[in-house]
Amino acid sequence: MVETSAALAASAAELGLSPGEQLLVAAGVVAVAVLVSLLVLLRRQHRRQNSLLRTDPLTGLGNRVLLAEVGERVLAALPELDGDGRHGPGLLLLDLDGFKDVNDTLGHAAGDALLVQVARRLDDAAPAGAVVARLGGDEFAVLLTTPVTTAQAVLHGKRLLAALGAGGFSADGVDLDITSSVGVAVAPTAGRTIGELLRHADLAMYEAKRSRAGVLPYTADLAPESSDALTTLSALRQAMDQGELTLLYQPVVDARTRQLCAFEALLRWQHPTRGLLTPVEFLPLAERTTLVSPLTRWVVLTAVRQAAAWRRAGLDTTVAVNISASVLEPGLLGIVDEALARGSWPPEQLVLEITETAVASDAGEALEVVRTLGERGVRISVDDFGAGYTSLGQLRELTVHQLKVDRQFVTDLLGGPEDEAIAASIIDLGHRLGLRVIAEGVESGAAADRLRDLGCDELQGYWVGRPMSADLALERWQPGAARAAGAPGAEVSASPTSPATG
Ligand code: C2E
Ligand code: CA
Ligand code: CA
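Now for a description of the structure that goes with this document. If you're wondering where the values come from, they're calculated on a predicted model, not measured in any experiment.

1. Examining the coordination of the calcium ion (ligand 2)
Thinking step 1. Ligation of the calcium ion (ligand 2) by protein atoms is provided by Glu264 (OE), Asn322 (OD1), Glu353 (OE) and Asp383 (OD), these donors lying 2.1 to 2.3 Å from the ion.
Thinking step 2. Counting residues between consecutive donors of the calcium ion (ligand 2) along the chain gives the motif E-x57-N-x30-E-x29-D.
Thinking step 3. For the pair the calcium ion (ligand 2) and the calcium ion (ligand 3), the metal-to-metal distance amounts to 4.0 Å, and Asp383 bridges them. Pair noted here: Glu264 is in strand 9 (residues 260-271) and Asn322 is in strand 11 (residues 318-322), with a separation of 58 residues, a long-range link.
Thinking step 4. For Asn322, a relative accessible area of 30% translates into the label partly exposed.

2. A closer look at the packing of aromatic side chains
Thinking step 1. Summed over the entire model, instances satisfying the criterion amount to three aromatic pairs.
Thinking step 2. Relative to Trp310, the ring of Tyr249 lies with its centre 4.8 Å away and its plane at 75°, an arrangement referred to as edge-to-face. Residue Tyr249 is located in strand 8 (residues 245-254), and its partner Trp310 is located in helix 11 (residues 292-312); the two are separated by 61 residues in the primary sequence. Here the two residues Tyr249 and Trp310 agree in accessibility, since each one is buried.
Thinking step 3. The interplanar angle of 85° and the centroid separation of 5.4 Å between the aromatic rings of Trp269 and Phe282 together place this pair among those described as edge-to-face. Taken together, the positions of Trp269 in strand 9 and Phe282 in the loop between strand 10 (275-277) and helix 10 (283-287) put the pair 13 residues apart, joining distant regions of the chain.
Thinking step 4. Phe282 gets classed as buried once you look at its relative accessible area, which sits at 2%.
Thinking step 5. Clustering of aromatic rings is evident, with ring pairs tying together Tyr249, Phe263 and Trp310.
Thinking step 6. Its end group placed over the ring of Tyr462, Arg466 keeps NZ or CZ at 3.7 Å from the ring centre.

Conventions adopted
Residues numbered from 1 in each chain as written. Chains lettered and ligands numbered in written order. Predicted model: local features only at pLDDT ≥ 70, side-chain atom pairs only at ≥ 80, totals over all residues. Heavy atoms only, no water. Donors = N, O, S within 2.8 Å, 3.2 Å for Na, K, Ca; no water. Helix = DSSP H or I, 4+ residues; strand = E, 2+ residues; numbered from the N terminus. Buried < 20%, exposed > 50% of the residue type's maximum accessible area, 1.4 Å probe, protein only. Phe/Tyr/Trp six-rings, centres within 6.5 Å; stacked < 30°, edge-to-face > 60°. Lys NZ or Arg CZ within 6 Å of the ring centre and 35° of its normal.

In structure tokens form, the structure reads like this:
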């Protein structure tokens, strides 16, 4: 700046101005220079203030202001984004369970230390491009700026929980075991403004905490003012009678021989106006009411009846059904007995998939039901393993036969040595406990090969086959069927060749 002013003054001399005039020009030039420097300084300070305005001083994460600004920007682009109305930016809201206790018993400094560690883990676990913010207290938000489906956002939520669950926290030399709950709201279904998304994610988070579900997406019925709950529930009740519910079946194969081991039954609702709904869109609602019992009965009866029909047609295999945590009560025994009796079906060829959290929560009765089922010969599978908090002690106590490695660890498998180490140690753990280990979410041949080499017993995922109708399952997987290369599933598919041809 000074050099520029000197140079300008020199050029004024060259122009042949009188010394007085030169002095005036020089003074003017210096004044302008000072002004410019001042402006630069002011702008820097303004930027610093701006960034301070958008930063949480304790953790260095963004704050509510930043979240609102970025949120509004990505949501403004929404009309171009939501081609199918199901993709949009997503908001994950998270708060820590029992944070108040830490503050009360260990003091605020310990509380702050914990928040800083949580912030760092969340920041590391959040996907690229996401905005991680602390909204206040122990409340954090992750804004997914690239469009996602609700199911994908839920998966991101599970990843965040897994990151918080991996390794403890310590504050003030005390080891803390911190759990958390995540509410998910994805635009445009769960809102078109950041305010709406925040409100809805908050409702979902509250519900996740109440039901100890870990991660829950917002559904219209969670809104207290909504009558949607009742409408959806009565529609679901009718759907069962009117044949709007169906099961799709997804193949599970032996990792080495690639022979069929089982089909997992996955529930769908062909809604008259909303189209084909996946479980995440209606199951959480049913699970909060008594409707979940007749629904489970319908699923188990239908799946076993289907397996018996396949057998008559020459396809003899095992069928797996998913069992909600809330039906792990004595009534389930009656449902299973009825299904086995009706289909004259051997219990060893029925697998019940229960999630880790289901057996981890209040234990008592649920554990007893699982034990009884195991004694009757039914196979028990621990679903989504690694995503929740089963204690190893519980696993040993249970009559469990299989572990299904949670999809997140399988998807990340080829990501790097750490990711592979996680998958490898889950497989190893399962084997040491004498269990069969199944990997779900296998989306590529490379992942399938790697899992086999790591000793994984069975594989399931889009690469093996998409969830498909019962008829297509029979056609594709009957002994001797020539499984053609290309889209193996009934759902839209971009899968590579079926492993049977590879
Ligand atoms: P899950 O038991 O973990 O089932 C696997 C889910 O992953 C299915 O989603 C399946 O379509 C999807 N999937 C399979 N392979 C791949 C893959 O390679 N990549 C990816 N990205 N996804 C894959 P779906 O059918 O939407 O089911 C979601 C969840 O809903 C299930 O998760 C299960 O927990 C629950 N569910 C499904 N059917 C029933 C049911 O009849 N009763 C109960 N209680 N829960 C059910
Ligand atoms: Ca399952
Ligand atoms: Ca699973």
